[in-house]
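Per-entry structural report
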Amino acid sequence: MTVLVVGSVALDSVETPFGSADDALGGSATYFAASASHHTKVQLVGVVGSDYPMDKLRVLEGRGVDLAGLEHAEGESFRWRGRYRHDLNSCETLETRLGVFSHFRPKIPAQFKNAKYVFLGNIDPRLQLDVLGQVDKPKLVACDTMNFWIESRRDDLVELIKRVDLITLNDAEARQLTGESNLVVAARWIMARGPKTVVIKKGEHGAFMFHGTQVFFAPAFPLESVFDPTGAGDSFAGGFMGYLAQTDDLSEANMRRAVVVGSTMGSFVVEGFSIARLLEIGPDDIAKRIADFHRLVAFDATSHD
Ligand code: AMP
């Protein structure tokens with residue numbers, strides 16, 4: 001099955017202790033699509049300005065990403081500038097310039113409306129809600145968000161979460177949204193408002209999936225060199241949703257596997273700037289890392305006595 005993603009298509013400028021990039025391909029939809037395309041076909045809806053390097057973005061088309069829903073508007077593309085200091089888990093946003101995003105209204109092309117797997121990437125929750133009114137009858141709708149929208153559009157966000165099956169967010173965002181410091185309580189707070197599943201990402205400390213009464217945890221893959229954490233969350237979501245769409249199986253066991261696929265994809269993207277690593281890797285790299293993941297968490301639970 002195909003997965004539909006609506007989100008930001010950005011130009012990112014990022015500083016990390018290991019280097020910097022200016023106006024690199026970024027945005028929630030871009031990372032999501034690059035990651036999900038390793039697992040299934042992707043339909044992307046977003047907007048770019050007249051300054052966007054389309055020649056670079058078109059590489060995604062060769063990977064099965066349909067850009068028919070990408071609007072080309074007059075003006076500047078969405079730009080985000082962020083800095084990671086020594087603690088690569090926390091990012092400081094230096095600048096967010098909405099550009100063409102400030103007048104954007106997603107238009108889902110007719111051929112995308114019957115998507116069964118829909119991911120509402122990190123954008124204004126009013127736009128995320130708008131998309132829900134345009135799709136027919138998805139089997140799974142998931143959304144993501146970030147501090148910027150929790151601060152500026154909290155009411156719309158709470159309205160949105162009533163209408164999604166699953167939400168992915170990081171630990172700081174979960175605390176900020178719910179006002180709860182304990183993540184288990186925060187997940188319950190969110191589930192009480194609608195989503196059956198809540199995935200809380202904790203950067204290099206892995207990800208929790210709360211699903212009904214069950215909790216599953218996957219560590220992040222222990223990497224020797226993390227170059228740029230930007231996009232880890234969206235690449236996680238791309239792997240997670242891409243795998244669910246590919247297998248079309250929403251059983252709890254399969255959702256646990258999807259968390260591991262998500263963590264695997266997140267572990268690749270942070271090895272380079274922008275989506276570079278996601279364009280380099282292939283099925284063998286992914287399969288090998290999933291096997292390494294399996295070894296990482298496997299242990300013999302038989303007691304000695
Ligand atoms: P993450 O996967 O959480 O690291 O998300 C990183 C991406 O989010 C970057 O590529 C940014 O372009 C994008 N981004 C940052 N701020 C916003 C925002 N306010 N709305 C939409 N996308 C954003």
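Placed above this text is the structure.
Keep in mind that this is a model prediction, so the values were computed, not measured.

Notes on the overall build of the protein chain
- Looking only at helices and strands, one finds 11 helices and 13 strands in the protein chain.
- The C-alpha radius of gyration of the protein chain comes to 18 Å, within 12% of the 19 Å expected for a compact globule of 305 residues.
- The burial tally for the protein chain puts 54% of its 305 residues in the buried class.
- Excluding contacts between residues fewer than 6 apart, the proportion of contacts in the protein chain whose partners are at least 24 apart in sequence is 65%.
- Across the protein chain, the mean location of the 32 positive side-chain charges is 5 Å away from that of the 40 negative side-chain charges.

Details of the site of the ligand
- Asp12, Gly27, Asn122, Gly231 and Asp234 are the nearest of the 17 residues found near the ligand.
- Here serine 8 contributes a side-chain N or O atom positioned 2.8 Å from a nitrogen atom of the ligand.
- The separation between an oxygen atom of the ligand and a polar side-chain atom of aspartate 12 is 2.5 Å.
- If the ligand stood free it would expose 510 Å²; the protein chains cover 89% of that surface.
- For the shell around the ligand, the elements supplying multiple residues, two or more each, are β2 (10–16), β6 (78–84), α4 (147–152) and α8 (232–247).
- Here the element with the most residues in the shell around the ligand is α8; it accounts for 3 residues.
- Of the residues contributing to the shell around the ligand, the split by class is 8 nonpolar, 7 polar and 2 charged.

Focus: the layout of surface pockets
- Roughly 170 Å³ of internal volume is contained in the second largest pocket.
- Looking at the lining of the second largest pocket, the elements with two or more residues in it are β13 (214–218), α9 (252–269) and α11 (283–297).
- Ranked by the residues each element gives to the lining of the second largest pocket, the list is headed by α11, at 4 residues.
- Grouping the amino acids of the lining of the second largest pocket by side-chain chemistry returns 10 nonpolar, 1 polar and 1 charged.

Topic: the pairing of strand β11 (residues 197–201)
- The buried fraction of β11 amounts to 5 of the 5 residues, a majority that puts the element mostly inside the structure.
- Side chains of β11 alternate between two faces, with Thr197, Val199 and Lys201 and Val198 and Ile200 buried alike.
- Note that strand β10 (residues 166–170) and β11 share 5 bridges and pair parallel. Counted as the bridge partner of isoleucine 167 is valine 198 from β11.

Here is what the cut-offs are and how they apply
- Residues numbered from 1 in each chain as written.
- Predicted model: local features only at pLDDT ≥ 70, side-chain atom pairs only at ≥ 80, totals over all residues.
- Heavy atoms only, no water.
- Helix = DSSP H or I, 4+ residues; strand = E, 2+ residues; numbered from the N terminus.
- Rg over C-alpha atoms; globule rule 2.2 N^0.38 Å.
- Buried < 20%, exposed > 50% of the residue type's maximum accessible area, 1.4 Å probe, protein only.
- Contact = heavy atoms within 4.5 Å.
- Lys, Arg positive; Asp, Glu negative; His and termini not counted.
- Charge placed at Lys NZ, Arg CZ, Asp CG, Glu CD.
- Near = heavy atom within 4 Å.
- Polar contact = N/O pair within 3.5 Å; in protein donor to acceptor, adjacent residues only side chain to side chain.
- Areas by Shrake-Rupley, 256 points an atom, 1.4 Å probe, with all protein chains shown as cover.
- Nonpolar A, V, L, I, M, F, W, Y, C, P; charged D, E, K, R; others polar.
- 1 Å grid on protein atoms, 1.4 Å probe; cavity = no way out; pocket = protein on both sides within 12 Å on 5 of 7 lines; lining within 4 Å.
- Points joined across faces, edges and corners; volume = space filled by probe spheres on them.
- Pairing = 2+ DSSP bridges.

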